[in-house]
Amino acid sequence: MKYVDYLKGEHAAHMAMFNALESLFPLISDVGIQLQQCIQRGGKVLLMGNGGSAADSQHIAAEIVGRFKKERKGLPAIALTTDTSILTSVGNDYGYDYIFARQIEALCRPEDIVIGLTTSGNSVNVVKAIEAAKATGATTVGLTGGTGGKLTALCDYNIVVPSSVTARIQEAHIFIGHSLCEILESD
């Protein structure tokens, strides 16, 4: 019973943030349509982030490649956070700021969508990757929080969770990721 009041407060904060997400539904819908069009034109989804956002990137990529709810063929998605040889070699040779941008240079094409997850919108390696994706001509999407950070000016679409609390932002990011997967699977 010691933490009941704490848990009630966290739950209330979570619910308030989720209620505030409703204003983002048109933007999330637009991004979902962009994902559908990306796959239809033969593109793929490239995702990246650091820490918890890296895990969320992998989770969303797995839902796209495997399936979310609907039995269907696998769809092309890659989490740029998973190849330790690339991450460590690029980090060693070029610096950690370039671990995603270098992969974007190698893998990204104009028909692709690149999604950068960063709770602040300012993670240098994600910002550099979004810049590289824009130079390629790919569609760019940010999943951020707070003010949206640098990704607000860089991304074609930046879904800014209305919170400055990392845990709340990450909880919303996985909800948004799941929503995008559901839109991607619908026709």
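This text goes with the structure placed above it.
First, a word on scope: everything that follows refers to the structure included in this document. (Residues numbered from 1 in each chain as written. Predicted model: local features only at pLDDT ≥ 70, side-chain atom pairs only at ≥ 80, totals over all residues. Heavy atoms only, no water.)

Points about the pairing of strand S3 (residues 113-117)
So, point 1. Among the five residues that make up S3, five are buried, leaving the element largely enclosed by the rest of the structure.
So, point 2. On S3, burial covers both faces: Ile113, Ile115 and Leu117 on one face and Val114 and Gly116 on the other are all buried.
So, point 3. By the bridge criterion, five bridges tie strand S1 (residues 45-49) to S3 in an arrangement that is parallel. Within S3, the residue paired with Leu47 across the bridge is Ile115.
So, point 4. Bridging between S3 and strand S4 (residues 139-145) involves five bridges; their strand directions are parallel. When the sheet's bridge partners are listed, Leu117 is paired in S4 with Leu143.
So, point 5. Each parallel crossover has a hand, and the one from S3 via helix H6 (residues 124-136) to S4 is right-handed. (Buried < 20%, exposed > 50% of the residue type's maximum accessible area, 1.4 Å probe, protein only. Helix = DSSP H or I, 4+ residues; strand = E, 2+ residues; numbered from the N terminus. Pairing = 2+ DSSP bridges. Right-handed = clockwise from strand over helix to strand, strands pointing away.)

Digging into the environment of Tyr96
So, point 1. The residue Tyr96 is located in the loop between helix H4 (84-93) and helix H5 (101-107) in this model.
So, point 2. Between the alpha carbons of Tyr96 and Asn125 there is a distance of 6.9 Å; along the sequence they are 29 residues apart.
So, point 3. In contact with Tyr96, not counting residues within four places along its chain, are Asn50, Gly91 and Asn125.
So, point 4. At 2.8 Å, the side chain of Tyr96 and the side chain of Asn50 are in polar contact. (Contact = heavy atoms within 4.5 Å. Polar contact = N/O pair within 3.5 Å; in protein donor to acceptor, adjacent residues only side chain to side chain.)

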